[in-house]
Amino acid sequence: MSELQKREARIERNTNETQIALSFGIDGAGESKQDSGVPFLDHMLDLFTRHGHFDLNVKAKGDIEIDYHHTVEDIGICLGHALREALGDKKGIKRYGNAFVPMDDALAQVVIDISNRPHLEYRAVYPSNVVGQFPTELVHEFLWKFALEARINLHVILHYGHNTHHMIEAIFKALGRALDEATTIDPRVKGVPSTKGVL
């Protein structure tokens, strides 16, 4: 990656179910502007952005009168696509990231490999099926589509907790911090960090 190259991307996705405009910068200042029509997701994306020191702007209009599924899924797709595009050739990155984040009663761990081999391992059980109007099953949907489109290996482990909001919040904070570590440029790394010579 050229030192002058900005690691950022802008994605637009328009379907019969959603219209999304998303911009994402890896080397940001934690600036977050979210307007998805899904308040809980906006809150989680704000936490992800600030703890990862990214910049993220999401403007989405979806069929939330039906439910939140399509909007959450498609934002995950767009964010993953934007991350993959912003990473460019991946030269010099650390590649791996690991973060533990406590949130009061909850403890979450997220481990990332920017491997170009998409996989989600998701170990989370919540005491409630909803937070406000947000179904907790959509956390998995968002993370899976994000990992798939970003082509990353993403492991999410919720070790414990008893407040569902805190548990999901810990996951998104850990996601930001682990991704920040994995995308950091390490001057010791020459080329891409793989014995294969390509990621």
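Residues numbered from 1 in each chain as written. Predicted model: local features only at pLDDT ≥ 70, side-chain atom pairs only at ≥ 80, totals over all residues. Heavy atoms only, no water.

Looking at the sheet that holds strand 7 (residues 119-123)
(1) Moving on: The sheet built from four strands is open, its strands ordered 5-6-10-7 with mixed pairing. Since the sheet does not close on itself, it has two edges, and those belong to strand 5 (96-103) and strand 7, each with one partner. Here the strands of the sheet are splayed against their neighbours by 10° on average, with no regard to which way each runs.
(2) Moving on: Sheet analysis places strand 6 (residues 106-113) next to strand 10 (residues 153-160), joined by seven bridges and oriented antiparallel. Bridge pairing links Val110 to Val156 in strand 10. (Pairing = 2+ DSSP bridges. Helix = DSSP H or I, 4+ residues; strand = E, 2+ residues; numbered from the N terminus. Axes fitted to C-alpha atoms, helices over the stretch in contact; angles between N-to-C directions.)

Thoughts on the environment of Ile168
(1) Moving on: Within the secondary structure, Ile168 is located in helix 4 (residues 164-183).
(2) Moving on: For Ile168, a relative accessible area of 0% translates into the label buried.
(3) Moving on: Each C-alpha atom, one on Ile168 and one on Leu158, is 8.6 Å from the other, the two residues being 10 residues apart in sequence.
(4) Moving on: With residues up to four places along the chain from it excluded, the contact list for Ile168 reads Phe40, Met44, Tyr126, Val131, Thr136 and Val139. (Buried < 20%, exposed > 50% of the residue type's maximum accessible area, 1.4 Å probe, protein only. Contact = heavy atoms within 4.5 Å.)

Structural notes on the pairing of strand 7
Working note: regular strand, side chains alternate between the two faces of the sheet.
(1) Moving on: Covered by surrounding structure in strand 7 are Leu120 and Tyr122 only, the residues His119, Glu121 and Arg123 on the alternate face being uncovered.
(2) Moving on: Judged from the five bridges that link them, strand 7 and strand 10 form a sheet pairing that is parallel. Bridged to Glu121 within strand 10 is His155.

Examining the packing of helix 2 (residues 69-87) against helix 3 (residues 137-150)
(1) Moving on: Where helix 2 contacts helix 3, the axes come no closer than 7 Å and their chain directions differ by 30°. One element, helix 2, and the other, helix 3, form an angle in the roughly parallel class. Of the two elements, helix 2 crosses helix 3, and the hand of that crossing is right-handed. Of the residues in helix 3, those in contact with His69, Val72, Glu73, Ile75, Gly76, Ile77, Leu79, Gly80, His81, Leu83 and Arg84 of helix 2 are Leu138, Glu141, Phe142, Lys145, Phe146, Glu149 and Ala150.
(2) Moving on: A breakdown of the residues in the contact of helix 2 with helix 3 according to their chemical character gives nine nonpolar, four polar and five charged. (Parallel < 35°, antiparallel > 145°, perpendicular 65-115°, else oblique. Left-handed = near helix turned anticlockwise from the far one by under 90°. Nonpolar A, V, L, I, M, F, W, Y, C, P; charged D, E, K, R; others polar.)

What to know about helix 4
(1) Moving on: Under the 1.5 Å per step criterion, the end-to-end length of helix 4 is 29 Å for 20 residues, consistent within 8% with the ideal 28 Å.
(2) Moving on: Counting buried positions along helix 4 yields 16 of 20 residues, so the element is predominantly enclosed.
(3) Moving on: Two or three places before His165, at the opening of helix 4, Asn163 has a side-chain oxygen 3.1 Å from that residue's backbone nitrogen. (Expected span 1.5 Å × (residues − 1). Polar contact = N/O pair within 3.5 Å; in protein donor to acceptor, adjacent residues only side chain to side chain.)

Some words on the pattern of salt bridges
(1) Moving on: Enumeration over the complete set of coordinates arrives at 12 salt bridges.
(2) Moving on: One salt bridge connects Arg50 with Asp46, and the closest N-O pair in it is separated by 2.8 Å. One end of the pair, Arg50, and the other, Asp46, are both in helix 1 (residues 39-52), four residues apart, so they sit about a helical turn from each other.
(3) Moving on: With a closest N to O distance of 3.1 Å, Glu169 and Lys173 form a salt bridge. Taken together, the positions of Glu169 and Lys173, both in helix 4 and four residues apart, correspond to about one turn of that helix. (Salt bridge = Lys/Arg side-chain N within 4 Å of Asp/Glu carboxyl O.)

That is the geometry; function is a separate question.
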